[in-house]
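The lines below spell out each chain.
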Amino acid sequence: MKKMSYVCVVLILSFVAIYFITAQGNDVQENVALTKVKREVQAADQDLQQQVELMKNQISKLTDNVLSLQSELNGYNQRFNQSKYPHVKTRNYSDRKRILITGGAGFVGSHLVDALMADGHEVTVVDNFFTGRKENVAHWIGHSNFELINHDVVTPIFIEVDEIYHLASPASPPNYMYNPIKTIKTNTLGTINMLGLAKRVKARFLLASTSEVYGDPEQHPQREDYWGNVNPIGPRACYDEAKRVAESMCYAYQSQEQLEVRVARIFNTFGPRMYMNDGRVVSNFVLQCLQHKPITIYGDGTQTRSFQYVTDLVNGMISLMNNNYSLPVNLGNPEEHTISEFAQIIRDLSGSDSKISYEKANKDDPKKRKPDISLAKRVLDWEPKVKMRDGLLKTIDYFKQELNKNDRHWSFERKAYGIA
Ligand code: NAD
Ligand code: UDP
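Residues numbered from 1 in each chain as written. Chains lettered and ligands numbered in written order. Predicted model: local features only at pLDDT ≥ 70, side-chain atom pairs only at ≥ 80, totals over all residues. Heavy atoms only, no water.

(A) Here's a closer look at the overall build of the protein. A tally of helices and strands in the protein yields ten helices and 13 strands. A total accessible area of about 23800 Å² is found for the protein, and carbon and sulfur atoms account for 55% of it. (Helix = DSSP H or I, 4+ residues; strand = E, 2+ residues; numbered from the N terminus. Areas by Shrake-Rupley, 256 points an atom, 1.4 Å probe, with all protein chains shown as cover.)

Okay, structure coming up:
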């Protein structure tokens, strides 16, 4: 019995010992596993940190790339913005002039803008858009050398300029007869306002005068020393007499205020950007031919005119402005045609089959007109270069494009309003 008890105690003690030994072994195993996990976590953490560093490097490289792309894009944008304008000459501050062109959104004015902008000057256009259009100068809007001001010259304006080309005035007979009082105001009050501005800022002043100062001339061709034959109370007087007063004002400012004035007596001029419905003979005949409508000749068609292309006129005006000669100078093309001949020329050049329709003659319509340009040749070394037919072809092309634009516009409108 005693032996049995002894065996039992030994067994129990053995179990207890085994239990403790096993428990300790488990603890060791757990510790080993924990250490392993810790190492693994540390390794993963290091890995992660390395990856983060790598990504940081990549992000900074990408940022550099984006910045360099951005600056490249800015360069492209700048080049694109510059190239969206026609080329202009680069001038120093000292030889760049600030030039005001009144009526610069009109037919002649907009070509003058092109020439002076291309020559690198700063050009400001003042126009009330009575017969001019923003579209004529749209290609300069936003250019740092160009400014367009919607303003009526009948009201004074104060700006700093070195030269003024004063063209603001309706030019086609239907336009200037539309509101004769306004035509008189524009050419008298408007001119005195611009002369006043020229006096204040000491600018040189060029007046766009007209062959109409010779009226229905008795001298042929017309020289600058001819005083003219104007009916002071006829339908054309609002323009003819107002331009004559404008010339008188120029010379009053010259003698009384020592203003530098230039007077260009402009003869019939044509070219692209003539207003389609201005009623002048070139626009009327070209449109009638292109639309195969009758060509309207006012009177018997024996009256004559001499037509110059617009770029020739612009070159003449710029030469005159830069010349020391200050008395009036004729600018025109002496190639003279009867209006009947002219109708046939335009019909042939445009390949039209339009019939001729003789209409009532206009009152006081000058019977003949042709400039004597010997003065311009002598003092300006200027004469027209563009042949009338070449100019007419360009003008016919321009009117074709305008008609297409109109057609597209109207077909869009018809669709938009559901009109068949
Ligand atoms: P145009 O009608 O196309 O241009 C005249 C411009 O003057 C237009 O832009 C018009 O909106 C602007 N204008 C009119 N009244 C104004 C006012 N009160 N204030 C501000 N702007 C005003 O005519 P154009 O053929 O370009 O003629 C320009 C100048 O040349 C005119 O002075 C005209 O008398 C003279 N001229 C032209 C011709 C010709 O055959 N084109 C011939 C002789 C003289
Ligand atoms: N004219 C014409 N048919 C027209 C428009 C004009 O016969 O549809 C004549 C007009 O009577 C004038 C000449 O063409 O004899 C020039 O007219 P425009 O209006 O162009 O200018 P103007 O020289 O008379 O100022």
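(B) Structural detail: the site of ligand 2. Close to ligand 2 lie 18 residues, the nearest being V281, N284, T296, R305 and D365. R305 is positioned with one of its side-chain polar atoms (N or O) 2.7 Å from an oxygen atom of ligand 2. Coverage of ligand 2 by the protein chains reaches 95% of its 510 Å² of free accessible surface. Of all the secondary structure elements, the ones that give two or more residues to the shell around ligand 2 are α6 (281-290) and β8 (295-298). Tallied by class, the residues present in the shell around ligand 2 amount to six nonpolar, six polar and six charged. (Near = heavy atom within 4 Å. Polar contact = N/O pair within 3.5 Å; in protein donor to acceptor, adjacent residues only side chain to side chain. Nonpolar A, V, L, I, M, F, W, Y, C, P; charged D, E, K, R; others polar.)

(C) Focus on the nonpolar core. Residues Y165 and M317 are the most contacted members of the largest nonpolar core, which totals 61 residues. With near-sequence residues (within four places) excluded, Y165 lies in contact with I99, L100, I101, T102, L112, L116, L206, M317, I318 and M321. Counting 25 residues, the second-largest nonpolar core is a separate cluster that includes L197, M249, Y251 and V261. (Core = buried A, V, L, I, M, F, W, Y, C linked by side-chain atoms within 4.5 Å. Buried < 20%, exposed > 50% of the residue type's maximum accessible area, 1.4 Å probe, protein only. Contact = heavy atoms within 4.5 Å.)

(D) Structural context of the packing of aromatic side chains. Summed over the entire model, instances satisfying the criterion amount to eight aromatic pairs. Summarising the aromatic geometry, the rings of Y214 and Y226 are spaced 5.9 Å apart at their centres and angled 20° between planes, so their arrangement reads as stacked. With Y214 in the loop between β5 (204-210) and α5 (237-257) and Y226 in the loop between β5 and α5, the pair connects residues that are twelve residues apart, well separated along the chain. One exposure class covers both Y214 and Y226, and it is buried. On the basis of an interplanar angle of 80° and a centroid distance of 5.5 Å, the ring pair of Y398 and F399 is categorised as edge-to-face. Feature note: the residues Y214, Y226 and F267 constitute an aromatic cluster, connected by ring pairs. (Phe/Tyr/Trp six-rings, centres within 6.5 Å; stacked < 30°, edge-to-face > 60°.)

(E) Representation of the pattern of salt bridges within the structure. Taken as a whole and judged by the stated rule, the model has 27 salt bridges. Its salt-bridge partner being R262, residue E260 comes within 3.6 Å of it at the nearest N-O pair. Several salt bridges share partner residues, and in doing so they unite E212, R236, R305, D365 and R369 into one network. (Salt bridge = Lys/Arg side-chain N within 4 Å of Asp/Glu carboxyl O.)

(F) Structural view of the packing of α6 against helix α8 (residues 339-349). Contact pair α6 / α8: the axes reach a minimum separation of 9 Å and the direction vectors enclose 40°. By the angle class used here, α6 and α8 are oblique. Between α6 and α8 the crossing geometry is right-handed. For the pair α6 and α8, contact is made by V281, V282, F285, V286 and C289 and by I339, F342, A343, I346 and R347, respectively. Taken together, the residues that form the contact of α6 with α8 break down as nine nonpolar, no polar and one charged. (Axes fitted to C-alpha atoms, helices over the stretch in contact; angles between N-to-C directions. Parallel < 35°, antiparallel > 145°, perpendicular 65-115°, else oblique. Left-handed = near helix turned anticlockwise from the far one by under 90°.)

(G) Here's a closer look at the site of ligand 1. Inspection of the region around ligand 1 gives 29 residues, with V108, D127, T131, L167 and Y239 positioned closest. Contact between ligand 1 and G106: an oxygen atom at 3.0 Å from a main-chain N or O atom of the residue. Note that an oxygen atom of ligand 1 is positioned 2.8 Å from one of the backbone N or O atoms of V108. When residues of the shell around ligand 1 are traced back to their parent elements, those giving at least two are α2 (107-118), β5 and α5. No other element matches the three residues that β5 contributes to the shell around ligand 1.

(H) Seen up close, the sheet that holds strand β3 (residues 146-150). Here we have seven strands laid out as an open sheet, ordered β3-β2-β1-β4-β5-β6-β11, and parallel in their pairing. Every other strand in the sheet has two partners, leaving β3 and β11 (329-331) as the edge strands with one partner each. Sheet twist, expressed as the mean angle between neighbouring strand axes with direction ignored, is 20°. Sheet analysis places strand β2 (residues 122-127) next to β3, joined by five bridges and oriented parallel. Looking at β3, one finds that D127 is bridged to N150. Contacts between α2 and the sheet are confined to β1 (98-102), β2, β3 and β4 (163-166), with β1 contributing the most and set at about 170° to the helix. (Pairing = 2+ DSSP bridges.)

(I) Local environment of the packing of α2 against helix α7 (residues 310-321). Between α2 and α7, the least distance of the axes is 9 Å, while the angle of their chain directions is 65°. In terms of crossing hand, the pair formed by α2 and α7 is right-handed. Residue-level inspection shows F107, V108, H111, L112, A115 and L116 of α2 in contact with α7, the latter providing V310, L313, V314, M317 and I318. Looking at the contact of α2 with α7 residue by residue, the class counts come to ten nonpolar, one polar and no charged.

(J) The pairing of β4, seen in detail. In β4, alternate side chains face the same way, and those of E163 and Y165 on one face and I164 and H166 on the other are all buried. As judged from the four bridges shared by β1 and β4, these two strands associate in the parallel manner. Note on β4: the bridge partner recorded for I99 is E163. Pairing of β4 with β5 involves four bridges; the strand directions are parallel. Considered in β5, the bridge of Y165 is made with L206.

(K) Spatial organisation of helix α4 (residues 180-201). Here α4 contains 22 residues, and its C-alpha end-to-end distance of 31 Å stays within 8% of the 32 Å for a straight helix at 1.5 Å per residue. The largest bend in α4 comes to about 25°, at T186. Three or more residues of α4 are buried, namely T183, T186, N187, T188, G190, T191, N193, M194, L195, L197, A198 and V201. (Expected span 1.5 Å × (residues − 1). Bend = angle between axes of the 7 residues up to and from the residue.)

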